[in-house]
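Remarks on the overall topology
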Amino acid sequence: MKRLIILGSLFILALSPVFSVPSDVVYTEGETYIKDKTGDEFEADIGDIVDTGDTVTTGVDGFVELDRNGVVLKINPDTVFTLLEREENKEKTDVITLVLGSIKFRYDKITGKEPKIATGSCIAGVRGTEFSVYAGVDGSSLIVVDSGLVSVESEGETVELSAEEGVEVNPGEPPGKKFKVPAGRIDYSTWNDEKLGSMLDDPIIAVDRLKKRLDFYISNIGEYYSLFLEYSEELSKERKKSIEIAKKQGEDASKKFYNEVLFPLTIDTGNLVLNYRYYTLAALSLRRYVAGRLYLIIKTKYIINLNDIKYRDFLDSYNKLLLSFEKSIVPRLVEADI
Amino acid sequence: MKKTIMLLAAAFILASCASIQTKDERNIRRISRLINSGDHEELIIMSEMPFLLDQEIIVLEKDINSFWKDILNAGFKVNEPELERGIFIDEESYKEFYTSMEVKTFFKKYLPEGTRMLELKTSTGRRILLLIKEKLWLRKIYGFKGPY
């Protein structure tokens, strides 16, 4: 984002988002729901469209297949993902944010405008044609490539995966060592159960990892929001200037000023909002679908003995995460997000 | 005449309060009986989504299903439950669960008018808060806090 400095004459205009993400529901079975950005929820049906801001949830027996322009998403049972967008290199990019469960992707062709895939622990850049992403109960991720190339980035480090390779990423940590994965050998339930087991064995480590991931979101929100405030102020000044130019120099000069200064600045300011909102909503997903579920699971485990020292220690750690969330994420949320 | 009307009005209000208190006590007894008998299926049916558990907004049905099933399987019981108090929720009620924008918004967005917050006290002195709404003969649980 620090790259985003207005130099003056040249500006790449991106008025409309490039929808390179599958968004038509072509198949459903079992319990499958779409919750739109206004909060309305309905059962997914063939022909429904998944738009930016929508969340797709599948139940224990649910399955949804999305297809658009030859890109196929197979959303497995017990999965939650939200379609978000952010600005990258002055263009809006779709980001499929997988918070829980697993999705298999198949691209019939690569256009160079593939969406990013985000989980609670990493971001994957797609240059691959067939791969799966698994999001664990503790916020960790597993990416497995069947064919093509996928780059997985977390905490400033990137791992490149090619066919039959996989990598695990814990929240708040860089990607682990990549490993060989013969096709079809990953069983999500088994992998997720192992994650659950580790989480129950040491819930404080699980909370600490989530806290690190939250810090990553907070850092990005802080950066984009600060820039947004600067740009907003600048935009306000330029708007006033625009009115003066129209009065003193006429319509042609006003139009030129609008095209060269005001409009690009408006777009850039809007993109900054897009970006801090993206990280805000990603943090909310982490809170709701990973941290909140961790709290429920641990509370259930200790319900008969809430004075247990391990539970009290967990609560201490968890409350720190909550305080961090309240302080840095909540101010960027709106009621419609809840 | 005026005195009669006032007396009748007072009697009506007292009767209404007694009626509400009776309902609250009945709800506490019913839910406690379900917990103590291990009837997680009925508790699951009664639970509305999203559900407020302490400060957490639970959005996946399977999670609240697991919650009821697992705590009852663990032996969670409510001993000698008593209604400590029952109030209609208002703008400040959310603070009894947790003071946060999320919980405040949950109360505003997801709790229907007429939802009652019931405080249940057990023989050990522990308390539980429940968010309950009765609709005709149906009883719905919107939130659970505790025991604390």
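A tally of regular secondary structure across chain A gives 4 helices and 14 strands. Taking the principal axes of the C-alpha coordinates as reference, chain A spans close to 75 × 50 × 40 Å. Within the span of chain A, comprising 338 residues, buried residues form 51% of the whole. A sequence separation of at least 24 residues applies to 57% of the contacts in chain A between residues at least 6 apart. With the model as given, the accessible surface of chain A reaches about 15,500 Å², and the carbon-plus-sulfur share is 51%.

Residue and element names in this part refer to chain B. This structure, assessed with the given rule, holds 31 salt bridges over all chains. Across the salt bridge formed by Glu 48 and Lys 140, the nearest N and O atoms sit 3.7 Å from each other. With Glu 48 in strand β1 (residues 47-53) and Lys 140 in strand β6 (residues 138-145), this pair connects stretches of sequence that are 92 residues apart. When its relative accessible area of 25% is taken as the criterion, Glu 48 is described as partly exposed. Residues joined by salt bridges that share partners form a network here, namely Glu 84, Arg 85, Glu 96, Glu 119 and Arg 127.

Residues and elements named next belong to chain A. Annotation of chain A at the domain level lists domain 1 (24-199) and domain 2 (204-337). Taking the mean C-alpha position of each, domain 1 and domain 2 sit 22 Å from one another. The junction of domain 1 with domain 2 conceals about 2,200 Å² of combined surface from both sides, 60% of it contributed by carbon and sulfur atoms. The largest contributions to the domain 1 side of the interface with domain 2 come from Arg 86, Glu 87 and Met 199, which together make up 22% of the buried area. In this assembly, domain 1 and domain 2 are joined by 2 salt bridges. As a salt-bridge pair, Glu 173 and Arg 209 come within 3.0 Å of each other at their nearest N and O atoms. Across the domain 1-domain 2 interface, the total number found is 5 residue pairs in polar contact (both at pLDDT 80 or more). Elements represented by at least two residues in the side of domain 1 that touches domain 2 include exactly β7 (80-88), β8 (91-107) and α1 (188-201). Residue contributions to the side of domain 1 that touches domain 2 peak at 6 residues, all from β7.

Here the focus is the side chain of A:Thr300. With respect to the element layout, A:Thr300 can be found in helix α3 (residues 251-301). A relative accessible area of 8% means that A:Thr300 is categorised as buried. Once residues within four sequence positions are removed from consideration, A:Thr300 is found in contact with B:Phe67, B:Asp70 and B:Ile71.

All names here are of chain B. One open sheet accounts for 6 strands, arranged β2-β1-β6-β5-β4-β3; its pairing is mixed. The two strands at the open ends of the sheet, each matched to only one other strand, are β2 (56-58) and β3 (82-88). Put simply, the sheet's adjacent strands are angled 25° from each other on average, direction ignored. Direction of pairing for β1 relative to β6: parallel, over a ladder of 3 bridges.

Moving on, we get to the interface of chain B and chain A. Contacts between chain B and chain A engage 27 residues on the former and 29 residues on the latter. When chain B packs against chain A, close to 2,600 Å² is buried across both sides, 57% of that on carbon and sulfur atoms. Together, B:Glu56, B:Met101 and B:Glu102 form the three largest contributors to the area buried by chain B at its contact with chain A, with a combined 23%. Across the contact surface, chain B and chain A share 7 salt bridges.

Before going further, it helps to spend a moment on the environment of B:His40. Residue and element names in this part refer to chain B. Residue position: His 40 is located in helix α2 (residues 40-46). Overall, His 40 belongs to the buried group, its relative accessible area being 16%. Through-space distance from the C-alpha of His 40 to that of Trp 68 is 5.4 Å; in sequence the pair is 28 residues apart. Among residues more than four places away in sequence, those in contact with His 40 are Trp 68, Lys 69 and Leu 72.

Criteria and cut-off values
- Residues numbered from 1 in each chain as written.
- Chains lettered and ligands numbered in written order.
- Predicted model: local features only at pLDDT ≥ 70, side-chain atom pairs only at ≥ 80, totals over all residues.
- Heavy atoms only, no water.
- Helix = DSSP H or I, 4+ residues; strand = E, 2+ residues; numbered from the N terminus.
- Buried < 20%, exposed > 50% of the residue type's maximum accessible area, 1.4 Å probe, protein only.
- Contact = heavy atoms within 4.5 Å.
- Areas by Shrake-Rupley, 256 points an atom, 1.4 Å probe, with all protein chains shown as cover.
- Salt bridge = Lys/Arg side-chain N within 4 Å of Asp/Glu carboxyl O.
- Domains from an automatic or database assignment.
- Buried area = accessible area lost by both parts, 1.4 Å probe.
- Polar contact = N/O pair within 3.5 Å; in protein donor to acceptor, adjacent residues only side chain to side chain.
- Pairing = 2+ DSSP bridges.
- Axes fitted to C-alpha atoms, helices over the stretch in contact; angles between N-to-C directions.

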